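Next come the chains, spelled out residue by residue.
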Amino acid sequence: MRGAQLSDGHLWLHFTRTSDWRGDAPNVPVLERGEGCYVWDANGTRYLDGLSALFCVQVGYGRPEMPAAAEAQMRKLPFATNWGTAHQPAIDLAAALTERFPGDLDHAFFVNSGSEAVESALKLARQYHAANGQPNRYKVVSRNFAYHGTTLGALGVTGLAGARTPFEPLAPGMFHAPNTNEYRCQTSLHCPPCDLTCAMAIERIIVAEGPETVSAVFVEPVQNAGGCFTPPPGYLQRIREICDRYGVLMVSDEVICGFGRLGRWTGAERYGYLPDIITFAKGVTSAYAPLAGMLFRRHIGDALATGRASMFVHGATWGGHPVSCAVALANIGVFESEDVLGNVQRNEVWLGEQLHELMARHEIVGDVRGTGYFWALELVADRERKVMFTNEQAEDLLRGFLSARLLELGLIARADDRDEPVIQISPPLVADREVLGELVGILDQVLGEAQKRMRH
């Protein structure tokens, strides 16, 4: 009997076109092992993982610390819930996170995935307002093209029509404001410099809907979908002011941006603001085990700690799994023993300079944006006039050429067209300048080839 093959179709892939992996010639690698910043497929081909799997393998592959922590915990207590009982790994991890996250984000609640973390924040915000005698606060404001997850509640927060439409109608009361795409700003006549019209658009939605009906505003410190939209100076602080003015909770979705991706434990610290809730996932364990959750501020905990509301009416069997929590604690240990945050801080400016040099050499690159180890290059048909590719051209460029060619050259990156076409890179946080230079070199080659292809 032959071994199972991906092309058999028994395994159904996530967010992957069926034509890419079913049939006689699938073009999706089947990965077998990893070491450092590299992975190898079943044919022995090596790839530089320029996406950290999916923005999450922060400390790279092949670390002994996390498997050792998992084995030790499996032998001691392989499972216990945080539902009517507790266990020490979750207690220790909650304390470790509150020490490293800013301000009075003193309370941790664990789940399994980023979507679940966002779902939990939605429910926590509603219950908080209800505990304060405002049960009509259920509406949520987020941003256009922002991705916040796939469960039905989180999908409502997501601002990507293509992800939402197949599952509508979704929960009512979800509104989307302009994002911080300065390259193609559609809200201000003066960008750059930014006049924070995009932030004021959030206030206009709150006022129009009635502040007494609005529960929360969700933002990513750097928006992923669309390609690393960074916040203009003062933007996140203005949103904080708006939320305070109207009694709305500010949720910082850091499923991607947290745990060193921007060179700090949190994006909130990187940009100097204090949200009411931070959601996290991915980097908390460097993806060595599934774990996610949220940290929330003292005033939220106080509201849910008294009277009949003295329970957060939410839970998950696997939330805060002891093995995952042990792995997360080992991951934090690696961060600190090897100064992982310092590595990002020392290299982020240099990496940005290298990417801007690519833009100078290749007219197909219209914009470079990002920070830390989280960057995107937007591709254009005409840089001088910011002319976008047609849908057909974008399909040919991203699906017909870039995705396959990057793999041929040994680089895993993201060719994304959820807004305008971008190449997104997000290398492991342990990558040094030699690894980063290899990544930039492959991008240099593929951009030159892509430019010639689109000209002809």
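Please refer to the structure higher up on the page.
Residues numbered from 1 in each chain as written. Predicted model: local features only at pLDDT ≥ 70, side-chain atom pairs only at ≥ 80, totals over all residues. Heavy atoms only, no water.

J.: Explanation requested: the environment of Gly-437 in the structure shown.
T.: Of note, Gly-437 is situated in helix α14 (residues 433-455). Gly-437 sits 86 residues away from Leu-351 along the chain, and the two C-alpha atoms are 8.4 Å apart. (Helix = DSSP H or I, 4+ residues; strand = E, 2+ residues; numbered from the N terminus.)

J.: Which parts of the structure should I look at to understand the pairing of strand β12 (residues 374-379)?
T.: Within a regular strand, the side chains alternate between the two sheet faces. The buried fraction of β12 is high, at 6 of 6 residues. Both faces of β12 are covered, namely the face carrying Phe-374, Ala-376 and Glu-378 and the face carrying Trp-375, Leu-377 and Leu-379. Note that strand β11 (residues 365-371) and β12 share 6 bridges and pair antiparallel. Residue pairing in the sheet places Asp-367 in a bridge with Glu-378 of β12. From the end of β11 to the start of β12, which pair antiparallel, there are 2 residues, and Gly-372 there has a positive phi angle of about 55 degrees. (Buried < 20%, exposed > 50% of the residue type's maximum accessible area, 1.4 Å probe, protein only. Pairing = 2+ DSSP bridges.)

J.: Help me out: how do you make sense of the sheet that holds strand β6 (residues 174-177) in this one?
T.: Neighbouring strands of a sheet are bound in pairs by backbone hydrogen bonds; such pairs are parallel or else antiparallel. The sheet built from 7 strands is open, its strands ordered β4-β10-β9-β8-β7-β5-β6 with mixed pairing. Whereas interior strands pair on both sides, the edge strands pair on one side only; in this sheet they are β4 (107-111) and β6. The mean angle between the axes of side-by-side strands here comes to 20 degrees, regardless of whether they run parallel or antiparallel. Relative to strand β10 (residues 292-296), β4 is paired through 5 bridges, and the arrangement is antiparallel. When the bridges of β10 are listed, His-107 appears paired with Phe-296. The strands touched by helix α8 (residues 235-246) within the sheet are β5 (139-143), β7 (214-219) and β8 (249-253), with β8 carrying the most contacts at an inclination of about 145 degrees. (Axes fitted to C-alpha atoms, helices over the stretch in contact; angles between N-to-C directions. Contact = heavy atoms within 4.5 Å.)

The quantities given are spatial measurements derived from coordinates; they are silent on function.
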